[in-house]
Structure formats: C-alpha cells, structure tokens
Amino acid sequence: MSWIIMIIMAIIIGVIGSAIAPGRMPGGILGSMIAGFVGAWIGGMLLGSWGPQLGGFSVVPAIIGAALFVLILSLLSRGMNRAA
C-alpha cells in the first residue's frame, strides 16, 4: 500500500511542479511521476527535509525540485531543437 501512495504523491508533485515551471513536462502521467521522483530527490538534496511529509516525500522541497527539473528539461529541449 505504501508504494501506491508514493506513486500517487509523485504524480501529484510532478503535476504541481509542471504547473509552476515555465515549460512543459512531456510524457503525461508517466512524465509527471518521473518529475515527482526526481524532484523529490533534487529538492531533498538542495533543501533538506522540512515541511509536511506525505507518502515518504517532503512536499515543499519535492515540489520546488520538480519545478526545477521541469525547467531544466524544457531549457534542454529548446536548446536541442535550435541546434537541429
């Protein structure tokens, strides 16, 4: 049951991070889930584990990390499209 909660939280965090960041996370729900997991990792590394925790994620750092991840991906995508 904890895995299901973790996956749902990753999707929610990824969707919120995509909504905050300028740019778009490709991949639909799977892309949002990946952004949520990577965002939680980035947020935890940069900001630590403060704020409320749900499903094993520190929510505020995870959302900020997901927004950074989506921003970086959109910048890389634009750079690759211009180079081609």
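A brief structural summary. The shown structure was predicted, so the numbers you read here are calculated from the model rather than taken from an experiment.

1. Side note on helix H2 (residues 28-47)
Along an α-helix, residues three or four positions apart point the same way, because every turn accommodates 3.6 residues.
Here is step 1 of the chain: Here H2 spans 27 Å end to end across 20 residues, near enough to the 28 Å set by a 1.5 Å rise per residue.
Here is step 2 of the chain: Where H2 is concerned, the buried positions are Gly 31, Ser 32, Met 33, Ala 35, Gly 36, Gly 39, Ala 40, Ile 42 and Gly 43.
Here is step 3 of the chain: Of the residues flanking the end of H2, it is Gly 48, one or two places downstream, whose phi is positive at about 85°.

2. Some words on a nonpolar patch on the surface
Here is step 1 of the chain: Together, Trp 41, Met 45, Leu 46, Leu 47, Trp 50, Ile 64, Leu 68, Ile 72 and Leu 76 give the surface a local cluster of nonpolar side chains, amounting to about 940 Å² of exposed area.
Here is step 2 of the chain: Contributions of two or more residues to the nonpolar patch are made by H2 and helix H3 (59-83).
Here is step 3 of the chain: For Leu 47, the location among the structural elements is in helix H2.
Here is step 4 of the chain: Relative accessible area serves as the criterion here: at 36%, Leu 47 is assigned to the partly exposed category.

3. Details of the nonpolar core
A general feature of soluble globular proteins is that nonpolar side chains tend to end up buried together.
Here is step 1 of the chain: If you look at the biggest cluster of nonpolar residues, it comprises ten residues: Met 9, Ala 10, Ile 13, Met 33, Ala 40, Phe 57, Val 59, Ala 62, Ile 63 and Ala 66.
Here is step 2 of the chain: Of all the secondary structure elements, the ones that give two or more residues to this core are helix H1 (2-20), H2 and H3.
Here is step 3 of the chain: When residues in this core are grouped by element, the largest group, four residues, is from H3.
Here is step 4 of the chain: Non-local contacts of Ile 63, meaning those with residues more than four positions away in its chain, are made with Ile 13, Ile 16, Gly 17 and Ile 20.
Here is step 5 of the chain: Of all hydrophobic cores here, the second largest spans seven residues; its members include Ala 21, Met 25, Ile 42 and Ala 67.

4. With respect to the packing of aromatic side chains
Here is step 1 of the chain: Tallying each qualifying case throughout the model produces one aromatic pair.
Here is step 2 of the chain: With a centroid separation of 5.8 Å and an interplanar angle of 50°, the aromatic rings of Phe 37 and Phe 57 are classed as tilted. Of the two residues, Phe 37 is situated in helix H2 and Phe 57 in strand E2 (residues 57-58); the sequence distance between them amounts to 20 residues.
Here is step 3 of the chain: For Phe 37, a relative accessible area of 31% puts it in the partly exposed group.

5. Concerning H1
Here is step 1 of the chain: Compared with an ideal rise of 1.5 Å per residue, which puts 19 residues at 27 Å, H1 spans 27 Å between its outermost C-alpha atoms and is within 8% of the ideal.
Here is step 2 of the chain: Within the span of H1, buried status applies to Met 9, Ala 10, Ile 13, Gly 14, Gly 17 and Ser 18. Take H1 and look down its axis: the buried residues cluster within an arc of 165°, on one side only.

6. Here we look at the packing of H1 against H2
If you want to describe how two helices pack, look at the angle between their axes and the distance between the axes.
Here is step 1 of the chain: Relative orientation of the contacting elements H1 and H2 amounts to 95°, with a least axis distance of 7 Å. The angle between H1 and H2 places the two elements in the roughly perpendicular class. On the side of H1, the interface is formed by Met 6, Ile 7, Ala 10, Ile 11, Ile 13, Gly 14 and Val 15, while H2 contributes Ile 29, Ser 32, Met 33, Ala 35, Gly 36 and Phe 37.
Here is step 2 of the chain: Classifying every residue of the contact of H1 with H2 gives ten nonpolar, three polar and no charged.

Rules and cut-offs
Residues numbered from 1 in each chain as written. Predicted model: local features only at pLDDT ≥ 70, side-chain atom pairs only at ≥ 80, totals over all residues. Heavy atoms only, no water. Helix = DSSP H or I, 4+ residues; strand = E, 2+ residues; numbered from the N terminus. Expected span 1.5 Å × (residues − 1). Buried < 20%, exposed > 50% of the residue type's maximum accessible area, 1.4 Å probe, protein only. Patch = residues over 30% accessible without salt bridge, like charges linked within 9 Å, V, L, I, M, F, W, Y side chains within 5 Å. Areas by Shrake-Rupley, 256 points an atom, 1.4 Å probe, with all protein chains shown as cover. Salt bridge = Lys/Arg side-chain N within 4 Å of Asp/Glu carboxyl O. Core = buried A, V, L, I, M, F, W, Y, C linked by side-chain atoms within 4.5 Å. Contact = heavy atoms within 4.5 Å. Phe/Tyr/Trp six-rings, centres within 6.5 Å; stacked < 30°, edge-to-face > 60°. Arc of directions from axis to C-beta. Axes fitted to C-alpha atoms, helices over the stretch in contact; angles between N-to-C directions. Parallel < 35°, antiparallel > 145°, perpendicular 65-115°, else oblique. Nonpolar A, V, L, I, M, F, W, Y, C, P; charged D, E, K, R; others polar.

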